[in-house]
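# Structural features, examined
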Amino acid sequence: MLTFFLLLASLASAVLWTTASRADDPPAGPPPTVVVQADDTLWDIAARTDPGRSPHAVAAEIRRLNGLGVDEIAIHAGDTLVVPRAR
């Protein structure tokens, strides 16, 4: 009986460890993108992309992902931007 419980505990530990180690894996697939619409701003896109986070932080991440400078806020309708995955 003790052997059975030890075996069961070992199996449960292995399953939990494997699941926990996958939590840090980056999501598979291409990064999400948005096409800029007329009158869109980086702030608007950031707020729509991840409404649970600060638009300031999301906009900074969008700039980083797209190689835009800190002062570079000009985006144009039809531009395709890589956006962070919502958390």
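Chains are numbered independently. Their residues run from 1 in the order of the written sequence. Residue-level local features of this predicted model are given only where pLDDT is at least 70; pairs of side-chain atoms are given and counted only at 80 or more, and the full residue set underlies all totals for whole chains, interfaces and linings. Only hydrogens and water are removed before side-chain values are computed, so all heavy atoms of the structure are retained for them.

### Focus: the overall build of the protein
- Looking only at helices and strands, the protein has three helices and two strands in total.
- Taken from the N to the C terminus, the helices and strands of the protein come in the order α-β-α-α-β.
- Three labels apply to residues, based on accessible area from a 1.4 Å probe with only protein chains included: buried if under 20% of the type maximum, exposed if over 50%, partly exposed otherwise in between. In the protein, buried positions account for 21% of the 87 residues.
- Residue pairs in contact within the protein that sit at least 24 positions apart in sequence constitute 59% of those at least 6 positions apart.
- Here the protein displays about 6500 Å² of accessible surface, and carbon together with sulfur accounts for 64% of that area. Numbering goes from the N terminus for both helices and strands, where a helix is a DSSP run of H or I of at least four residues and a strand is a run of E of at least two. We call two residues contacting when some pair of their heavy atoms lies within 4.5 Å. In short, Shrake-Rupley with a 1.4 Å probe defines the accessible areas, and a residue's cover is counted only from the protein chains shown.

### Concerning the pattern of salt bridges
- One side-chain nitrogen of Lys or Arg within 4 Å of one carboxyl oxygen of Asp or Glu is enough to make a salt bridge. Scanning the entire structure with this criterion turns up four salt bridges.
- Two residues, Arg-64 and Glu-61, come together in a salt bridge whose shortest N-O distance is 3.8 Å. Residue Arg-64 and its partner Glu-61 are located together in helix α3 (residues 55-65), separated by three residues, close to a single helical turn.
- One salt-bridge network, in which partners are shared between bridges, spans Asp-50, Arg-53, Glu-61 and Arg-64.

### Some remarks on the side chain of Asp-40
- For Asp-40, the position within the fold is in the loop between β1 (33-35) and α2 (42-49).
- Under the rule applied, a polar contact is a pair of N or O atoms within 3.5 Å (in protein, one hydrogen donor and one hydrogen acceptor; residues adjacent in sequence only if both atoms are side-chain atoms). At 2.9 Å, the side chain of Asp-40 and the backbone nitrogen of Gln-37 are in polar contact.
- A distance of 3.1 Å separates polar atoms of two side chains, one belonging to Asp-40 and the other to Arg-48.
- Filtering out sequence-adjacent residues up to four positions away, Asp-40 remains in contact with Val-35, Ile-45, Arg-48 and Ile-75.

### A look at α2
- All buried positions along α2 are accounted for by Leu-42, Ile-45, Ala-46 and Thr-49. Projected down its long axis, α2 carries its buried residues within an arc of 100°, all on one side.
- Those residues of α2 that are buried are in contact with β1, α3 and β2 (80-82). Here the arc refers to the directions that run from the helix axis out to each C-beta atom.

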